[in-house]
Amino acid sequence: MAREKGFRFLNFDNKIYLFIIGIFVLILFFYEPIIAGVGVLLLAYLIFNHWKNVHIRKVEWTKYIEGLMDEFDSATKHAILNLPLPFMMIELDGKISWYNPRFSEMVEERDILEENIEDIVPSFNIKDITSDKKNKSIDVVFKDRNYKILYNIVKVNKKNSDKEYLIMLYWLDNTTLTILKQKYNDEKMNICLVEVDNYDEVMKDTDETKRPIVLAEIDKKLNTFTSRINGFIRKYETDKYIIVFENQHLSNLENKKFTILDDIRNIDKGNKTAVTLSMGIGVNGKNPAESYEFARGAIDIALGRGGDQAVVKKIEKLSFYGGKSKAVEKRTKVKARVIAHALRQLIDQTDKVFIMGHQNPDMDSLGAAIGVLSAVNYRNKEGYIVLSEVNPSIKNLYNKLSEEHPEYMDYIISSEEAIDMAEDDSLCVVVDIHRPSSTEAPDLLEIVDKVVLIDHHRRGAEFIENPLLVYLEPYASSTCELITEILHYLMNEKMEIEKFEAEALLSGISVDTKSFTFKTGVRTFEAASMLRRAGADTTSVRLLFQDDLETFTTKAKVVEKAKVVGNGRVAISYMDVDADNSILIAAQSADDLLNINGISASFVLVPSADRIHISGRSLGDISVQLILEKLGGGGHLTVAGAQLDNVDIEQAKSKLEEAIDEFLKEGED
């Protein structure tokens, strides 16, 4: 280390040594002028010699650098000209400035200078490069070959050039990899679970002698369907099948909207009830086990949406096909009894129970919450209904509670209060909604560990995570109907509830069935009869649906503005201003439009806060659920809704009409 330091010291710049010598010569002038004069001559020689050597070295270094640059430029030009892959330079507007022989061979043209690259390669888009900020490559297809183009944009520094920037393009032939990737994707195995979702009903309504024929026809159609996609099928239960097929056939099935659903539904071999299938397809799993889990989740969603449809689950993405027929009632009283007993145990095991429905609650949501609260009180537990604000849909019921049963107001709390009071071991019962983002207090679901879900809507892609107990029955008319059955078994078939609680439940059933005219089954009337025996007064329930004169007049104006589309089968209307009860008016006006001769479905649009709310209603021939799902909404085949952000009424109507046209075209295909 010391030697290195000394070496650096001895190799100081020569100017320092000359400066030191000059100082000594200057000092020498005071003692020996003659000797000092000789020193000046020697110093002058040394300075001249130093300058000469520095100049010579500079000239030699410059020549060396220039020679090296000439060699580098020659090597660079040689490398570019003989680059083993197509290479070219273009301007920012796509004009070709230069290209190598490889690119000329690729395009099979000789003179393309000053031409636009987009004219030579139609799939090339210069905006993909000029607008891209992250990637340094793009993919194009040219003459049945796939190319990955690496590029970089360089600034031209030459003063005599009018081009400020040039784009260097390196064309890598990616065809073999693309073909291999496509083959890999095509040959991946998809797992499809199939279930005859109304098997028991079909067998019950078919003569015993014809049942084997119906079953044989189902097997035949499913086997034919499987053979067409080169898969194999196994029947592992009387009404359940598993199909494995290659991924290359999936796009064709999706394009044809899974016509096997229609083929099965058209079976007529003595069965009085149409046969319907539910299919769940698992795609892109890392292994067969994961694909099966995807398929299992998909068929659960298909069944939860009412059956008669196929659900494709590609990791997190869900696609829905079918679901155009009415859900056939297939739930059993045994399940209702099991759910009631399980709910009773969960209530008994907790200290606080929070009950909440959806935002902007209706009679069904609030009525169901009141019904669950009666069960909590019956078990002598502390229960609360989470209700942030009162809207016109529930105003009459809420006012009746506050006026006739003021003590009941202590059980109704806001979402903020519920979040402050909630603990890990609390129980949260969610009614009439299964989308966590649409509940009264989404944050409450993150706090409590135990969640019970009771709902009658068709299941959508968004779903509450890991609920302890799920009672999702799209075959039911309303959530209040489900709660009524649960109370019947939870209270040992005694229905020990207050008169106003029975009326709240009956009002929920009435609003969702449009006074027992829509989606009303045998179980619906049984539930209504239970409530009637519990003291519900039908006249009092009817009074809960009365409107004031202004609301009645507004609904008449909305009906007057109706426009008929969809081959005269669909009515669309709207409301101009945002009122406190605009959503309620939309729903009721949509119901009124169905009374017009020839109308099978109706939609009413109203402004609500900073968005457009759409209420859809149908007689069953047209699925308003599938139409509004195209706009991000959902619901039932006959009752659905959607909300559109950042649009006005006219834009929303245009989007709705496009969705209606798309739905009707899909039905014709």
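Only a predicted model underlies this, so the values are computations on that prediction, with no experimental measurement involved. Each chain carries its own residue numbering, running from 1 in the direction its sequence is written. The model is predicted, so local features are restricted to residues of pLDDT at least 70 and side-chain atom pairs to those at 80 or more, both for listing and for counting; the totals for chains, interfaces and linings are taken over all residues. Only hydrogens and water are removed before side-chain values are computed, so all heavy atoms of the structure are retained for them.

Peer 1: A description of the overall build of the chain should follow, citing residues and the corresponding values.
Peer 2: Numbering of helices and strands runs from the N terminus, with a helix taken as a DSSP run of H or I at least four residues long and a strand as a DSSP run of E at least two residues long. When helices and strands are tallied, the chain shows 25 helices and 23 strands. For 669 residues, the compact-globule estimate of 2.2 N^0.38 gives 26 Å, and the C-alpha radius of gyration of the chain, at 40 Å, exceeds that figure by more than 25%. Across its three principal axes, the chain shows a C-alpha extent of roughly 140 × 70 × 55 Å. A 1.4 Å probe rolled over the protein chains alone gives each residue an accessible area, and that area as a share of the maximum for its type sets the label: buried under 20%, exposed over 50%, partly exposed in between. Here the chain holds 669 residues, and 47% of them are scored as buried. Of all intrachain contacts in the chain linking residues separated by at least 6 positions in sequence, the fraction that spans at least 24 positions is 63%. Per-residue and other accessible areas were derived by the Shrake-Rupley procedure at a 1.4 Å probe size, with only the shown protein chains allowed to occlude residues. In the form shown here, the chain has an accessible surface area of approximately 35500 Å², with 52% of it arising from carbon and sulfur atoms. Distance between charge centroids for the chain: 5 Å, based on 82 positive and 106 negative side chains. For the radius of gyration, the atom set is restricted to C-alpha positions; the globular benchmark scales as 2.2 Å times the number of residues to the power 0.38. In this description, contact between two residues means that some pair of their heavy atoms is separated by no more than 4.5 Å. Within this scheme the basic residues Lys and Arg register as positive and the acidic residues Asp and Glu register as negative, but His and the chain ends are omitted. Charged groups are reduced to one reference atom each: NZ for lysine, CZ for arginine, CG for aspartic acid, CD for glutamic acid.

Peer 1: Before we move on, could you go through the UniProt feature "binding site: Mn(2+) 2" (unreviewed entry) in the chain and cite the residues and values that matter?
Peer 2: UniProt positions are given in the numbering used here, feature names are shortened, and annotations may be inferred rather than shown by experiment. The positions that UniProt labels "binding site: Mn(2+) 2" (unreviewed entry) are, in the present scheme, Asp364, Asp432, His456 and Asp512. Considering the C-alpha atoms alone, the annotated residues occupy 149 residues of sequence yet fold into one spot, their largest mutual distance being 11.1 Å. Locating Asp364 in the fold gives a position in helix α14 (residues 363-378). Among residues more than four places away in sequence, those in contact with Asp364 are Asp432, His456, Ser478, Thr479, Cys480, Gly508, Val511 and Asp512. Inspection of the secondary structure puts Asp512 in helix α19 (residues 499-513). For Asp512, a relative accessible area of 15% gives the class buried. For Asp512, the contacting residues outside a window of four places in its chain are Asp362, Asp364, His456, Ser477, Ser478 and Phe518.

Peer 1: With reference to specific residues and values, describe the state of the cysteines.
Peer 2: Cysteine sulfurs are considered disulfide-paired once they come within 2.5 Å of each other. This model, assessed by the stated rule, comprises zero disulfides. Of all cysteine sulfurs in the structure, the one in Cys428 sits closest to Cys480, which takes part in no disulfide; the separation is 17 Å.

Peer 1: Provide a residue-level description of α14, including the pertinent values.
Peer 2: To estimate the expected span of a helix, subtract one from its residue number and multiply by 1.5 Å. The terminal C-alpha atoms of α14, which comprises 16 residues, lie 22 Å apart, in line with the 22 Å expected from a rise of 1.5 Å per residue. The buried fraction of α14 amounts to 14 of the 16 residues, a majority that puts the element mostly inside the structure. Just past α14, the residue Asn380 takes up positive phi, approximately 60°.

Peer 1: Give me the UniProt feature "transmembrane region" (unreviewed entry) in the chain: which residues, what numbers.
Peer 2: As annotated in UniProt, the feature "transmembrane region" (unreviewed entry) corresponds to residues 16-48 in the numbering used here. Annotated as 88% helix and 0% strand, the span residues 16-48 places its first and last C-alpha atoms 15 Å apart.

Peer 1: How would you summarise a nonpolar patch on the surface if you had to cite specific residues and measurements?
Peer 2: Here a patch means residues that are over 30% exposed by relative accessible area and free of salt bridges, tied together within 9 Å if like-charged and within 5 Å if nonpolar (Val, Leu, Ile, Met, Phe, Trp, Tyr). Basic side-chain nitrogens of Lys or Arg form a salt bridge, by our definition, when they fall within 4 Å of a carboxyl oxygen of Asp or Glu. Together, Ile16, Tyr17, Phe19, Ile20, Ile23, Phe24, Leu26, Ile27, Phe29, Phe30, Tyr31 and Val40 make up a nonpolar patch on the protein surface, roughly 1300 Å² of accessible area in all. Ranked by the residues each element gives to the nonpolar patch, the list is headed by helix α2 (residues 14-28), at eight residues. Within the secondary structure layout, Tyr17 lies in helix α2. Using a relative accessible area of 32% as the deciding quantity, one classes Tyr17 as partly exposed.

Peer 1: For the packing of aromatic side chains, give the residues involved together with the corresponding values.
Peer 2: Two aromatic rings from Phe, Tyr or Trp, using only the six-membered ring of Trp, form a pair when their centres are within 6.5 Å; if the ring planes differ by under 30 degrees the pair is stacked, by over 60 it is edge-to-face, and anything between is tilted. The tally for this structure, following the rule as stated, stands at 11 aromatic pairs. Seen in terms of ring centroids, Phe103 and Trp171 are 5.4 Å apart; in terms of plane orientation they differ by 55°. Their pairing is tilted. Of the two residues, Phe103 sits in helix α4 (residues 101-107) while Trp171 sits in strand β5 (residues 165-173), which places them 68 residues apart along the sequence. When sorted by exposure, Phe103 lands in the same class as Trp171, which is buried. Consider the rings of Tyr408 and Phe500, whose centres lie 4.9 Å apart with planes at 90°: the pair is edge-to-face. Taken together, the residues Tyr408 in the loop between α15 (395-404) and β14 (412-413) and Phe500 in helix α19 connect sequence positions 92 residues apart. On the accessibility criterion, Phe500 (7% relative accessible area) is buried. Connected via pairs of aromatic rings, a cluster forms that spans Tyr99, Phe103, Phe124, Tyr147 and Trp171.

Peer 1: Describe helix α12 (residues 288-304), and please don't skip the residues or the numbers.
Peer 2: For α12, built from 17 residues, the straight-helix expectation of 24 Å at 1.5 Å per residue is met to within 8% by its first-to-last C-alpha distance of 24 Å. Among all positions in α12, only Ser291, Phe294, Ala295, Ala298, Ile299, Ile301, Ala302, Leu303 and Gly304 are buried. In this structure, the buried residues of α12 make contact with β6 (189-196), β9 (277-283), β10 (309-314), β11 (317-322) and β17 (469-472). Once α12 ends, the next one or two residues include Gly306, with phi positive near 110°.

Peer 1: Report on the environment of Leu644, specifying residues and quantitative values.
Peer 2: Positionally, Leu644 belongs in strand β23 (residues 639-645). Residue Leu644 is classed as buried on the basis of its relative accessible area of 8%. C-alpha separation for the pair Leu644 and Ile612, spaced 32 residues apart in sequence, amounts to 5.1 Å.

Peer 1: Outline the packing of α19 against helix α20 (residues 522-533), listing residues and values.
Peer 2: For helices, the fitted axis covers only the stretch in contact; all axes are lines through C-alpha atoms, and the angles between them, taken along N-to-C directions, range from 0 to 180 degrees. The contact between α19 and α20 brings their axes to 9 Å, and the two run at 155°. The angle between α19 and α20 places the two elements in the roughly antiparallel class. α19 and α20 meet at a crossing whose hand is left-handed. In this structure, α19 uses Ala502, Leu505, Leu506, Ile509 and Thr513 to contact α20, whose residues at the interface are Thr524, Ala527, Ala528 and Leu531. Note that the term roughly parallel is reserved for angles under 35 degrees, roughly antiparallel for angles over 145, roughly perpendicular for angles of 65 to 115, and oblique for everything else. Left-handed is the label given to a crossing in which the near helix is rotated counterclockwise from the far helix by less than a right angle, and right-handed is the label when the rotation is clockwise.

Peer 1: Could you give an account of empty space enclosed by the protein, with specific residues and numbers?
Peer 2: The gaps left among the atoms become clear once a water-sized probe is rolled over them. Method remark: on a 1 Å grid restricted to protein atoms, a set of points is classed as a cavity if a 1.4 Å probe fits but cannot get out and as a pocket if it is open with protein on both sides within 12 Å along at least five of seven lines; lining residues have an atom within 4 Å of a point. Grid points are joined across faces, edges and corners, and a volume is the space filled by probe spheres set on the points. For the coordinates displayed, the defined rule picks out three cavities of 30 Å³ or more. Taken as a whole, the second largest cavity encloses approximately 40 Å³ of empty space. Gly357, Pro361, Ser365, Leu366, Ala369, Ile385, Val386, Leu387 and Glu440 are the residues that line the second largest cavity. Taken together, the elements giving at least two residues each to the lining of the second largest cavity come down to α14 and β13 (382-386). Ranked by the residues each element gives to the lining of the second largest cavity, the list is headed by α14, at three residues. Only Asp, Glu, Lys and Arg are considered charged in this grouping, and only Ala, Val, Leu, Ile, Met, Phe, Trp, Tyr, Cys and Pro are considered nonpolar; every other residue, Gly among them, is considered polar. Class assignment for the residues of the lining of the second largest cavity results in six nonpolar, two polar and one charged.

Peer 1: How would you explain the domain arrangement of the chain if you had to name every residue and give the values?
Peer 2: Once the domains are mapped, the chain shows domain 1 (14-78), domain 2 (87-182), domain 3 (199-322), domain 4 (333-544) and domain 5 (549-667). Taking only C-alpha atoms, the centre of domain 3 and the centre of domain 4 are 34 Å apart. On the side of domain 4, eight residues touch domain 3, which itself brings 10 residues to the contact. Defined here as a combined quantity, buried area equals the accessible surface (1.4 Å probe) lost by two parts on assembly, summed across both. Interface of domain 3 and domain 4: buried area, both sides summed, is about 640 Å²; carbon and sulfur atoms make up 55% of it. The largest per-residue losses of area from domain 3 upon contact with domain 4 belong to Ile301, Gly304 and Arg305, which jointly make up 56% of the total buried on that side. Residues adjacent in sequence count toward polar contacts only when both atoms are side-chain atoms; beyond that, a polar contact is any pair of N or O atoms within 3.5 Å, and within protein one must be able to donate a hydrogen and the other to accept it. The interface formed by domain 3 and domain 4 includes zero residue pairs in polar contact (both at pLDDT 80 or more). Going through the elements one at a time, α12 and β11 are the ones with two or more residues in the side of domain 3 that touches domain 4. Across the side of domain 3 that touches domain 4, the residue classes break down as four nonpolar, four polar and two charged. What counts as a domain boundary in this text is fixed by an automatic or database domain assignment.

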